[in-house]
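# An overview of the molecular structure
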Amino acid sequence: MKSFIKITSIFVLIIALVSCNSEQRSRQIQYMGDTDMYDAVPYEAYSADHKVFQNGMEAQAPVDGTIARGKVTYDYPDSEVGYQLAKDSLRSPLKIKAPLDSIYRVSKVNLEKGKYLYDIYCATCHGLTGDGQGDLVKNEKFLGVPNYNSREITEGSIYHVIMYGRNMMGSHASQLNDKERWQVTHYVEQLRNDLLK
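Calculation notes
- Residues numbered from 1 in each chain as written.
- Predicted model: local features only at pLDDT ≥ 70, side-chain atom pairs only at ≥ 80, totals over all residues.
- Heavy atoms only, no water.
- Phe/Tyr/Trp six-rings, centres within 6.5 Å; stacked < 30°, edge-to-face > 60°.
- Lys NZ or Arg CZ within 6 Å of the ring centre and 35° of its normal.
- Helix = DSSP H or I, 4+ residues; strand = E, 2+ residues; numbered from the N terminus.
- Buried < 20%, exposed > 50% of the residue type's maximum accessible area, 1.4 Å probe, protein only.
- Contact = heavy atoms within 4.5 Å.
- Core = buried A, V, L, I, M, F, W, Y, C linked by side-chain atoms within 4.5 Å.
- Salt bridge = Lys/Arg side-chain N within 4 Å of Asp/Glu carboxyl O.

## Let's talk about the packing of aromatic side chains
Applying the stated criterion across every chain, the model contains 6 aromatic pairs. Ring-pair connections join several aromatic residues into one group, and the members of that group are Tyr 74, Tyr 76, Tyr 159, Tyr 164 and Trp 182. Looking at Arg 166, its charged tip hangs above the ring of Tyr 83, at a distance of 3.7 Å from the centre.

This is how it looks when you write it as structure tokens:
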């Protein structure tokens, strides 16, 4: 038994010395050498030299004419011409015709939601009644916020300003979706009518 332990110890020592030889440190045989399994070629995503996407990001661009889910096209440009065009021709899709009336009206639910959103996004500058005396104006952070009854506005011009912004007011298109912008528009119209009385 002692000789078996000696022989095993010597055998292990020889294997350890042979395995630590510096010539054996590099891989001698590489399986699948012609493929990129061991030496993968890194590609920069969407780069021009990528084999799959030859034109970079163009391979991932949507098809022309498609509209993202939940989005609505808005064909009026962000310019003075676009503002005037929206003011003259843009009409709300939320207004419904009353059964016994020829007047288009806004539902109570849409007005309530418009008030809720107006109080969050608009009242700090325009005031709770649309008089241009919100908290930021009273604290002189912004000056010159107009009163809703001091200028000629329509539902189209209100929506356009919410969409793109105007003068000191920035766009609120990222905070409000299409339906919410129309709800706020209708509430602003109601405030304006109240101020004109």
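## Considerations on the side chain of His 160
Summarising the element assignment, His 160 is placed in helix α6 (residues 155-164). Note on His 160: relative accessible area 2%, which makes it buried. Beyond its immediate sequence surroundings of up to four residues, His 160 is in contact with Tyr 74, Tyr 76, Pro 77, Ser 79, Gly 82, Tyr 83, Ala 86 and Gly 165.

## Quick notes on the nonpolar core
A general tendency of soluble globular proteins is for nonpolar side chains to be buried together. Residues Tyr 118, Tyr 148, Val 184 and Val 188 are the most contacted members of the largest nonpolar core, which totals 13 residues. Ranked by the residues each element gives to this core, the list is headed by helix α7 (residues 178-196), at 4 residues. Excluding residues that lie within four positions of it along the chain, Tyr 148 makes contacts with Tyr 118, His 126, Gly 130, Ile 153, Val 188, Leu 191, Arg 192 and Leu 195. Within the second largest apolar cluster, 8 residues are counted, among which are Tyr 74, Ala 86, Leu 94 and Trp 182.

## Some remarks on the environment of Glu 189
Mapping Glu 189 onto the fold places it in helix α7. When the C-alpha atoms of Glu 189 and Gly 130 are compared, they prove to be 9.6 Å apart, with 59 residues separating the residues in sequence. Setting aside its immediate chain neighbours within four residues, Glu 189 contacts Lys 95, Thr 154, Glu 155 and Ile 158.

## Let's talk about the pattern of salt bridges
Here the idea is simple: oppositely charged side chains can pair when their charged atoms come close. Counting across every chain of the model gives 3 salt bridges. For the salt bridge of Arg 166 with Glu 80, the shortest nitrogen-to-oxygen distance reads 3.1 Å. With Arg 166 in the loop between α6 and α7 and Glu 80 in helix α2 (residues 80-89), the pair connects residues that are 86 residues apart, well separated along the chain. Assessed through its relative accessible area of 43%, Glu 80 is described here as partly exposed. Across the pair Lys 115 and Asp 119 runs a salt bridge whose closest N-O atoms are separated by 2.9 Å. Here the residue Lys 115 and the residue Asp 119 both occupy positions in helix α3 (residues 108-121), the gap between them amounting to 4 residues, near one helical turn. When its relative accessible area of 30% is taken as the criterion, Asp 119 is described as partly exposed.

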